[in-house]
Amino acid sequence: MVEIHAYLCKNCGYCVKFCPKQILEIGTQRNRHGHFYPHLTDAGACISCAICASMCPEGAIELPEKGDA
Amino acid sequence: MAVYKRPELIADAPSGYCPGCLHSLATKLVAEAIEELGQADNALNVISVGCSALNILYWSGDFLSVAHGRAPAAATGIKRTNPERLVFAYQGDGDLAAIGLAEIMSAANRGENFTVVFANNQTYGMTGGQMAPTTLIGQKTTTTVYGRDPQTTGYPMKMCELISTLEAPVYVARFALNSPKGVNDARKGLKKAFRLQMEGKGFTFIELLTNCPTNWKMTPLQTLEYMNTNTIPYFKPGVYKDKEAQA
């Protein structure tokens, strides 16, 4: 299950672009640095591939455990 | 077990890099590779001048910040006096391919047993986007406003190709960080370079193609596309020298 650390996000959009399931989207809330940050639109569809986490330049996405999305 | 965990070698705070800058991704990959090898407490980052110097705040492990272009020279001294440590120099293209060209070529030629991580974004990012030795033909920068003209400024320098012609280096490779495949390959390449260093094999050189959304004057996603259509055809990713595979 994807865990997004909003305070680290800079809204580059790489996670949204590379998600193979296209279930990430940039939200309308800003973090404390003024950046919009992503959220999962369909947590059940996440396949825990970790491409979003791997591509995130800031390490703002982690996948603590597999399979419990 | 975690599928993906943020490396502890990078600070638990946003990096100093601009949004979408692949420098921070490069730093994260280096941290991941070192942690996967269990060398987190043993690693020493020799930080050069330029945007790479933002690692001073971002890197949580040991580091030494050195003079412009002289990271391979400093790393030589560090590694020779502390041979048990994992030493790597983290340099940008202005630092490595311009002011530090003598140091990198000499260190590579001597086959010093450390790793150089070369982040190539084809511009001087920190000082305002001037032309670097690696700037592509036709690429606009603040000092080549009509695009780089080889008649007056020469051609982009291919550091991997140059270094791979030397006898001493054991592993020379280039990876592009603009796709998940490139990032995975880069992680493996970095891990291999650090492993070879810890085995005492010799000089290893990893070039990572990165971007500069601020000075290329593009959005982060546009820079990834620009890299596909312009950077990668000129700076071709691949392994340029691998003595281990040849043996």
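1. Some thoughts on helix H3 (residues 71-81) of chain B
(1) Moving on: Within the sequence span of H3(B), burial applies to Ala71(B), Pro72(B), Ala75(B), Thr76(B), Ile78(B) and Lys79(B).
(2) Moving on: At its buried positions, H3(B) is contacted by strand S1 (43-47), strand S2 (62-65), strand S3 (86-92), helix H5 (101-110) and helix H8 (180-198) of chain B.

2. Comments concerning the sheet that holds S2(B)
Residue and element names in this part refer to chain B.
(1) Moving on: The strand order across the open sheet built from 7 strands is S2-S1-S3-S4-S6-S5-S7, with neighbouring strands paired in mixed fashion. Each edge of the sheet is formed by a strand with only one pairing partner; in this case those strands are S2 and strand S7 (238-242). Across the sheet, the axes of successive neighbouring strands diverge by a mean angle of 15 degrees, strand direction being ignored.
(2) Moving on: With 4 bridges connecting them, S1 and S2 associate as parallel partners. Within S2, the position partnered with Ile-47 by the bridge is Ser-65.
(3) Moving on: Lying on the sheet, helix H1 (residues 22-36) is in contact with S1, S3, strand S4 (115-120) and strand S6 (204-209); it crosses S3 at an angle near 170 degrees.

3. Looking at the packing of aromatic side chains
(1) Moving on: In the structure shown here, the tally under the stated rule is 7 aromatic pairs over all chains.
(2) Moving on: Seen in terms of ring centroids, Tyr17(B) and Tyr58(B) are 6.4 Å apart; in terms of plane orientation they differ by 80 degrees. Their pairing is edge-to-face. Here Tyr17(B) is found in the segment before H1, whereas its partner Tyr58(B) is found in helix H2 (residues 55-58), with 41 residues between them in sequence. Taken individually, Tyr17(B) and Tyr58(B) each receive the classification buried, so the pair is uniform in this respect.
(3) Moving on: Each residue in the set Trp59(B), Phe88(B) and Phe194(B) is aromatic and connected to the rest through ring pairs, giving one cluster.
(4) Moving on: Across from the ring centre of Phe18(A), 5.6 Å away, lies the NZ or CZ of Lys17(A), which sits over that ring.
(5) Moving on: The ring of Tyr234(B) carries Lys158(B) above its face, with NZ or CZ at 4.3 Å from the centroid.

Basis of the calculations
Residues numbered from 1 in each chain as written. Chains lettered and ligands numbered in written order. Predicted model: local features only at pLDDT ≥ 70, side-chain atom pairs only at ≥ 80, totals over all residues. Heavy atoms only, no water. Buried < 20%, exposed > 50% of the residue type's maximum accessible area, 1.4 Å probe, protein only. Helix = DSSP H or I, 4+ residues; strand = E, 2+ residues; numbered from the N terminus. Contact = heavy atoms within 4.5 Å. Pairing = 2+ DSSP bridges. Axes fitted to C-alpha atoms, helices over the stretch in contact; angles between N-to-C directions. Phe/Tyr/Trp six-rings, centres within 6.5 Å; stacked < 30°, edge-to-face > 60°. Lys NZ or Arg CZ within 6 Å of the ring centre and 35° of its normal.

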